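In case you want the letters, here they are:
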Amino acid sequence: MVSFRQAFRPQPSADAPQRPFKVIVPVSGGEADRRLLEIVERLAQKQNATITIIYVVEVAQSMPLDAELPVEVERGERVLRDAERIASRCVDGRRGSIRTELLQARSAGAAIVDEAIDRGADTILMSASLRRKHGRVTVGETVDYVLKNAPCEVIVIRQPMPEWLTDHMESA
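In what follows, the accompanying structure is described. These numbers were taken from a predicted model, which means no experiment stands behind them. (Residues numbered from 1 in each chain as written. Predicted model: local features only at pLDDT ≥ 70, side-chain atom pairs only at ≥ 80, totals over all residues. Heavy atoms only, no water.)

## Focus: the overall build of the protein
Then, number 1: A tally of helices and strands in the protein yields six helices and seven strands.
Then, number 2: Taken over 172 residues, the protein has a buried fraction of 40%.
Then, number 3: Considering only contacts within the protein whose residues lie at least 6 apart along the sequence, 76% involve residues at least 24 apart.
Then, number 4: Within the structure as shown, the protein displays about 10,200 Å² of accessible surface, and the carbon and sulfur contribution to it stands at 48%. (Helix = DSSP H or I, 4+ residues; strand = E, 2+ residues; numbered from the N terminus. Buried < 20%, exposed > 50% of the residue type's maximum accessible area, 1.4 Å probe, protein only. Contact = heavy atoms within 4.5 Å. Areas by Shrake-Rupley, 256 points an atom, 1.4 Å probe, with all protein chains shown as cover.)

The following block contains the structure:
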């Protein structure tokens, strides 16, 4: 298995074919997606990489898992198109390939981990932002689930500290 750190190191021999470094990149359509794709670009410049960009439509427990959710699916397709366009500029003409997957699941975290297992991923590259839940600061259920259950490396890019938290820290 190739670690993320090894992916950025020069390869020993250009003649020897090497298994692609498999990366899962969950996207949400937010500002953090662009930062994730910048990191994917750096990775693709250094190593033969297979990048799978995924968007998960979470389905409420009260609905069947295969429920038709046209608004959410259209948003997911749009987010994936934009991410694929950005990522394809990164690996265009270089060693690597890009796939996109739109998934429907009860839990985004479980869907991300399942995708990593199914694809034999070497790493999951995802973003997190701090939020408040039940009076505590958290990165959210999805990131927490992936960190606890992923079979591979998980690299989390935390977004800048939100103002509500920095204001709270200054007053403490």
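## Let's talk about helix α2 (residues 32-46)
Then, number 1: Here α2 is 15 residues long and its end C-alpha atoms lie 22 Å apart, about the 21 Å a rise of 1.5 Å per residue gives.
Then, number 2: Buried residues of α2: Ala32, Asp33, Leu36, Leu37, Ile39, Val40, Leu43 and Ala44, and no others. For α2, the angular spread of the buried residues around the axis is 160 degrees, confining them to a single face. (Expected span 1.5 Å × (residues − 1). Arc of directions from axis to C-beta.)

## A look at the nonpolar core
Then, number 1: Counting 26 residues, the largest nonpolar core has Val25, Val27, Ile51, Ile53 and Leu125 as its most contacted members.
Then, number 2: If you list the elements that add at least two residues to this core, you get β1 (21-26), α2, β2 (49-58), α3 (70-91) and β7 (153-158).
Then, number 3: Broken down by element, this core gets its largest block of residues, six residues, from α2. (Core = buried A, V, L, I, M, F, W, Y, C linked by side-chain atoms within 4.5 Å.)

Geometric descriptors of this kind do not, in isolation, establish any biological role.
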